[in-house]
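# Architecture at a glance
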Amino acid sequence: SDVYYNKGNAFIGIEQFQKSIYYFDKTIELDPRYARAYCNKGVAYNFLEQFPLAVESFERAIELDPCSVKAYGNKGKSMLLLGQLKKAIQCFDKAIELNPQDIEVYISKGLALHDLDQFQEAVKCFDKAIDLNPQCSEAYFNRGDSLFSLEQFQVAIDSYDLVIALDPQDINAYLGKGEVLLNLEKFQDALECYDKAIAFSPETAEAYFGKGFTLVYLEKHRQALEYFEKTIELDPHNDRAYFNKGKVLQDLGQNPQAIESYDKAIELDSQISEAYCNKGVALNDLGRCDDALECFENSIKLDPQNPDAYSNKGEVFVALGKFRQAIKCFDKALSLDPQHSDAQYGKEEAQQGLRESQRAI
């Protein structure tokens, strides 16, 4: 059985996972209580993204060897990838109980906590991994992400800088740091990070997207457009790139092209409320009032708390001379955001139009 088991491990090593499963099954045929064969079979299933089958294998391994840190840790990873975060954490906790020195398990638990929005607890896990190995760049990187989510921006930058110090070509660290700098409105510093990422990895779509997004803030719209188009070239399914390309085209007054871009974003992700809202504005600017109203209705269905959609819908009703309906829309926008300047102005305009129409009767 050891011969088959070793062959299974060898095939995992060269990423031939289906063959590795075959040899682990042969091992189990000869020795049905071979716990490590079940465990490594689960690892192969994880690589194949067949997570339910992986969980079954790890559970059998745990039945045979209740002290298998590897089985608990990898079962936790399967649960994490299945989105069963609390069950994943239970597995990681058991693995830590059995071996408090396992760095990888602390990182995995931190990722699960991060996905549960328990960012402070996630940071503690990443800190524990760093205590065990101060050279662990993965722990610093994930710590940076959780600190960013906590809006502890400078400490997040420090974490990303530590990753870069350990690996000066770590693309994700430059992307993470760039996003933090963007939030701090340090636009030139953010551009430097995205340029570094592009220099080290010219095929990384996210780097071009980040640079395009930063250029929008610098009001360099034509340059931003080039970077969103490059993002789409590298990642044709990037709905955010199409959406932001649409916004730039709209700012440049190219409404028909903007509508095409919003349509593509919606095709890729039909839940983007803002894409419907912005498309509605572009359609209204082109005089297509009925189509615009349909877009605002779709936007409101997806996000009933968006004052912009109500305000923009009100503007269409003003253009159609339907002032009472317009006022209702503006009132709804103002109930959601009492300081919404477009809704305030629009309501005054609608009230004036209503008064004039009543005098004309």
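Structure: see above.
Overview of the structure. (Residues numbered from 1 in each chain as written. Predicted model: local features only at pLDDT ≥ 70, side-chain atom pairs only at ≥ 80, totals over all residues. Heavy atoms only, no water.)

### Section: the pattern of salt bridges
Rule in force here: Whenever Lys or Arg places a side-chain nitrogen within 4 Å of a carboxyl oxygen from Asp or Glu, that contact is recorded as a salt bridge. Note on conventions: DSSP H or I runs of at least 4 residues are helices, E runs of at least 2 residues are strands, and numbering of each starts at the N terminus. Under the scheme applied here, a residue whose accessible area is under 20% of the maximum for its type counts as buried, over 50% as exposed, and between as partly exposed, the area being computed with a 1.4 Å probe on protein chains only.
Applying the stated criterion to the full structure yields 18 salt bridges. Across the pair Lys245 and Glu229 runs a salt bridge whose closest N-O atoms are separated by 3.8 Å. Of this pair, Lys245 sits in helix H15 (residues 239-251) while Glu229 sits in helix H14 (residues 221-234), and the two are 16 residues apart along the sequence. Classification of Glu229 as partly exposed rests on a relative accessible area of 37%.

### Looking at the packing of helix H12 (residues 187-200) against helix H13 (residues 205-217)
Short version of the rule: Angular values range over 0 to 180 degrees, each being the angle between N-to-C directions of two axes fitted as lines to C-alpha atoms, with helices fitted over their stretch in contact. What sets the label is the angle itself: under 35 degrees gives roughly parallel, over 145 gives roughly antiparallel, 65 to 115 gives roughly perpendicular, and the rest give oblique. A clockwise turn of the near helix away from the far one marks a right-handed crossing, whereas an anticlockwise turn of less than a right angle marks a left-handed crossing. Contacts are assigned to residue pairs with any non-hydrogen atoms lying within 4.5 Å of each other. Gly falls in the polar group here, along with every residue not listed as nonpolar (Ala, Val, Leu, Ile, Met, Phe, Trp, Tyr, Cys, Pro) or charged (Asp, Glu, Lys, Arg).
Direction vectors running N to C along H12 and H13 enclose 160°, while the axes themselves pass 9 Å from each other. With respect to H13, the axis of H12 lies roughly antiparallel. Handedness of the H12/H13 crossing: left-handed. Where H12 abuts H13, its residues Phe187, Ala190, Leu191, Tyr194, Asp195, Ala197 and Ile198 lie against Ala207, Tyr208, Gly210, Lys211, Thr214, Leu215 and Tyr217. Here the contact of H12 with H13 is composed, by residue class, of 10 nonpolar, 2 polar and 2 charged.

### Topic: a negative patch on the surface
To keep things clear, this is the line we draw: Like charges are joined within 9 Å and nonpolar side chains (Val, Leu, Ile, Met, Phe, Trp, Tyr) within 5 Å, but only among residues with over 30% relative accessible area and no salt bridge; these make up the patches. Using a 1.4 Å probe, accessible areas were evaluated by the Shrake-Rupley method; residue-level cover was limited to the displayed protein chains. When charges are counted, neither His nor the chain ends are considered; positive counts come from Lys and Arg and negative counts from Asp and Glu. Note that the charge is assigned to NZ on lysines, CZ on arginines, CG on aspartates and CD on glutamates.
A cluster of acidic residues, Glu274, Asp285, Asp308, Glu315, Asp342 and Glu349, forms a negative patch at the surface. Elements with a minimum of two residues in the negative patch: helix H17 (273-285), helix H19 (307-319) and helix H21 (341-360). The residue Glu274 is located in helix H17 in this model. Overall, Glu274 belongs to the partly exposed group, its relative accessible area being 40%.

### A short note on the side chain of Ser261
Heads up, the rule is: Side-chain atoms alone can form a polar contact between residues adjacent in sequence; in general such a contact is a pair of N or O atoms within 3.5 Å, and within protein one must be able to donate a hydrogen while the other accepts it.
Note that Ser261 resides in helix H16 (residues 255-268). Taking the relative accessible area as the measure of exposure, Ser261 reaches 4% and is therefore buried. A distance of 2.7 Å separates the side chain of Ser261 from the backbone oxygen of Tyr242, its partner in a polar contact. Beyond its immediate sequence surroundings of up to four residues, Ser261 is in contact with Tyr242, Lys245, Gly246 and Leu249.

### Structural notes on the packing of aromatic side chains
Filter applied, for reference: In this scheme Phe, Tyr and Trp rings, the latter by its six-membered ring, pair at centre separations within 6.5 Å, and the angle between planes marks the pair as stacked below 30 degrees, edge-to-face above 60, and tilted otherwise.
What the rule picks out here adds up to 15 aromatic pairs. Measuring from ring centre to ring centre gives 6.1 Å for Tyr4 and Tyr23, while their planes differ by 25°; the resulting arrangement is stacked. With Tyr4 in helix H1 (residues 2-13) and Tyr23 in helix H2 (residues 17-30), the pair connects residues that are 19 residues apart, well separated along the chain. Where Tyr5 meets Phe24, the ring centres are 5.9 Å apart and the plane angle is 55°; that geometry is what we call tilted.

By themselves, these observations are geometric and do not establish any function.
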